[in-house]
Amino acid sequence: MPVGRTDMRRGMQGLALQVQETLGRDPHAGDLYVFRGRSGNLIKIIWHDGLGMSLYAKRLEKGRFLWPSPADGTVSISPAQLAYMLDGIDWRNPVHTFRPQRAG
């Protein structure tokens, strides 16, 4: 996941070019690349599934997407952390709402 602000007017080609030029990575390798704009309420995800490039966009009506701040400009997150982020949940410290009282 690239870290920083992205011009959210960009489409698939512009974001794929940003992956190549800024990160030095191949956008056709099958990885997901997640981008967030300045306001923090819109993200775009691009990935290549082997047949073609896809673009997913999500805008939160309330709140902002929590964004990591790594040292080298990119961060890797798990699929579960991405799912939390897409739901607007603090993926760095999710709170479990159910705890079993006893086993068995």
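Keep in mind the model is a prediction, meaning the values are calculated, not measured.

## Observations concerning the pairing of strand S1 (residues 33-36)
Of the two faces of S1, the one holding Tyr33 and Phe35 and the one holding Val34 and Arg36 are both buried throughout. Taken together, the four bridges between S1 and strand S2 (residues 42-48) define a ladder with antiparallel strand orientation. Within the sheet, the bridge partner assigned to Phe35 lies in S2 and is Lys44. Between S1 and S2, which follow one another and run antiparallel, lie five residues, and Gly40 among them has a positive phi close to 85 degrees.

## A look at helix H2 (residues 79-86)
Among the residues of H2, Leu82, Met85 and Leu86 are the ones counted as buried. Down the axis of H2, the buried side of the element spans an arc of 95 degrees, and every buried residue falls inside it. On its buried face, H2 sits against S1, S2 and strand S3 (53-59). Gly88, located one to two residues past H2, shows a positive phi value of around 80 degrees.

Conventions used here
- Residues numbered from 1 in each chain as written.
- Predicted model: local features only at pLDDT ≥ 70, side-chain atom pairs only at ≥ 80, totals over all residues.
- Heavy atoms only, no water.
- Buried < 20%, exposed > 50% of the residue type's maximum accessible area, 1.4 Å probe, protein only.
- Helix = DSSP H or I, 4+ residues; strand = E, 2+ residues; numbered from the N terminus.
- Pairing = 2+ DSSP bridges.
- Arc of directions from axis to C-beta.
- Contact = heavy atoms within 4.5 Å.

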